[in-house]
Amino acid sequence: MLSRLRAHGHHRRLLQTLPCAAAKSAAEVDLQQRPCSTSAASSPSLSIWRRKKEMGKEGLMAVAQLKRLAALPPAGAHPRLEQFMGSHVSRLLRTDLLAVLAELLRQDHVILSMKIYGVVRKEIWYRPDMYFYRDMLYMLARNKKVEETRQVWADLKSEEVLFDQHTYGDIVRAYCDAGLIDLAMEIYEDMRSSPDPPLSLPFRVILKGLVPYPALREKIKQDFLELFPDMIVYDPPDSLSDVDDEFKF
């Protein structure tokens, strides 16, 4: 009889510990599923932005209607556009919303891209993402948008998003190619202060983009040679007159 009571008591204690163990296990799973750092959020395997974005019917209709309403005067600020953003865009599924933004970025539609960008960042499933910000900056560089670039840059800094060295080099080059050299140099300085170790290839990408800006190129070249003293930088000819006549047409 005594052994049966002891077994019964042990069984009760076991049942009492099960909810605690289950809660602990659930908490551990939740922590594992959440990005613990911006570097984790920037991993291609975890990035929702890197996944294939197939647009459904709702997304296609949203893009068409957004572009139609954005064309109404005043451009990008018509009341019907804001109404549609609140009544339809905010209800899109995550996959459709990301696909809509990707399509607007592809079409270089700055006003609508910035609006959808703001919607995405307010979603409950949103996490800081290097690839998300990279594509936004590429689009803004192509369209020579300074104010919007500064806004997006401030957002990514507030979220402590870290670019890798190759992405830094590509973004700086994009702004060099767009002629937004002040922004390019600001991003370059941020690259130089990055905790990631410097790589030679991003510097070469930047140096090639700085060919029209010899003074700045010389500065970056000196940084490069200090970091990589055993490497060589090949300078382009000053003009076609430096090329042998036999290669001229």
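You'll find the structure just up there.
Remember, it's a predicted structure, so these values are computed and weren't measured experimentally.

Engineer: What's the story with helix α12 (residues 214-227) in this structure? I'm lost.
Structural biologist: Since one α-helical turn is 3.6 residues long, residues separated by three or four positions face the same way. Over its 14 residues, α12 runs 20 Å from end to end, which matches the ideal 20 Å to within 8%, given 1.5 Å per residue. Those residues of α12 that sit buried are R217, I220, K221, D223 and F224. Seen from one end, α12 has its buried residues packed into an arc of 160°, which puts them on one side. Exposed side chains of α12 directed beyond 90 degrees from the buried face belong to A215 and E226. Summarising the contacts, the buried residues of α12 are in contact with α10 (181-192) and α11 (200-209).

Engineer: Help me out: how do you make sense of the packing of helix α9 (residues 165-177) against α11 in this one?
Structural biologist: Think of two packed helices as two axes; the pair is described by the angle between the axes and how far apart they sit. Where α9 contacts α11, the two axes come as close as 8 Å, and the packing angle between them is 0°. Between α9 and α11, the crossing angle belongs to the class labelled roughly parallel. When α9 is examined against α11, the residues Q165, H166, G169, D170, V172, R173, C176 and D177 are found in contact with a partner set consisting of L201, P202, V205, I206, K208 and G209. Partitioning the contact of α9 with α11 into residue classes produces six nonpolar, four polar and four charged.

Engineer: How should I be thinking about the pattern of salt bridges in this particular structure?
Structural biologist: Where side chains of opposite charge bring their charged atoms close, a pairing between them can arise. Throughout the structure, instances matching the rule amount to 14 salt bridges. Of the charged contacts, one joins K221 and D235 as a salt bridge, the two residues approaching to 2.8 Å between their closest N and O atoms. A residue pair is termed long-range when its members are at least 10 positions apart, and K221 in helix α12 and D235 in the segment after α12 qualify at 14 residues. For K221, a relative accessible area of 13% corresponds to the buried category. Take D235: its relative accessible area is 44%, and that puts it in the partly exposed class.

Engineer: It is not clear to me how the packing of aromatic side chains should be interpreted in this structure. Could you clarify?
Structural biologist: Two measures describe an aromatic ring pair: the distance that separates the ring centres and the angle between the ring planes. Under the counting rule described, the total for this entry stands at 11 aromatic pairs. Taking 5.6 Å as the distance between ring centres and 80° as the angle between the ring planes, the aromatic pair formed by W49 and F132 counts as edge-to-face. Here the residue W49 occupies a position in the loop between α2 (38-41) and α3 (57-70), and F132 occupies one in helix α7 (residues 130-142), the gap between them amounting to 83 residues. This pair shows no difference in class: W49 is buried, exactly as F132 is. A ring pair is formed by F163 and Y168, whose centres lie 5.6 Å apart and whose planes are at 85°; its orientation type is edge-to-face. No difference in accessibility class separates F163 from Y168, as the two residues are buried. Aromatic rings pair up to connect W49, Y117, Y126, F132 and Y133 into one cluster. If you follow R94 out to its NZ or CZ, it ends over the ring of W125, 5.9 Å from the centre.

What counts, and where the lines are drawn
- As a convention, each chain's residues are numbered from 1 in the sequence order in which they are written.
- Two thresholds apply to this predicted model, a pLDDT of at least 70 for residue-level local features and 80 or more for giving and counting side-chain atom pairs, whereas whole-chain, interface and lining totals are computed over all residues.
- Based on all heavy atoms of the structure, the side-chain values leave hydrogens and waters out of the count.
- Starting at the N terminus, helices and strands are each numbered in turn, a helix being any DSSP run of H or I of at least four residues and a strand any DSSP run of E of at least two.
- Any helix carries an expected span of 1.5 Å times its number of residues minus one.
- Three labels apply to residues, based on accessible area from a 1.4 Å probe with only protein chains included: buried if under 20% of the type maximum, exposed if over 50%, partly exposed otherwise in between.
- Note: the arc covers the axis-to-C-beta directions of the helix.
- Here a residue-residue contact requires only that any non-hydrogen atoms of the pair lie within 4.5 Å.
- Helix axes are fitted to C-alpha atoms over the stretch in contact, other axes to C-alpha atoms as well, and angles between N-to-C directions run from 0 to 180 degrees.
- An angle below 35 degrees is read as roughly parallel, one above 145 as roughly antiparallel, one from 65 to 115 as roughly perpendicular, and any other as oblique.
- The residue classification treats Ala, Val, Leu, Ile, Met, Phe, Trp, Tyr, Cys and Pro as nonpolar and Asp, Glu, Lys and Arg as charged. All others, Gly included, are polar.
- What makes a salt bridge here is a side-chain nitrogen of Lys or Arg within 4 Å of a carboxyl oxygen of Asp or Glu, nothing more.
- Stacked, tilted and edge-to-face pairs are distinguished by plane angle, under 30 degrees for stacked and over 60 for edge-to-face with tilted covering the rest, among Phe, Tyr and Trp rings (Trp via its six-membered ring) whose centres lie within 6.5 Å.
- Over a ring means this: the NZ of a Lys or the CZ of an Arg is within 6 Å of the ring centre and within 35 degrees of the ring normal.

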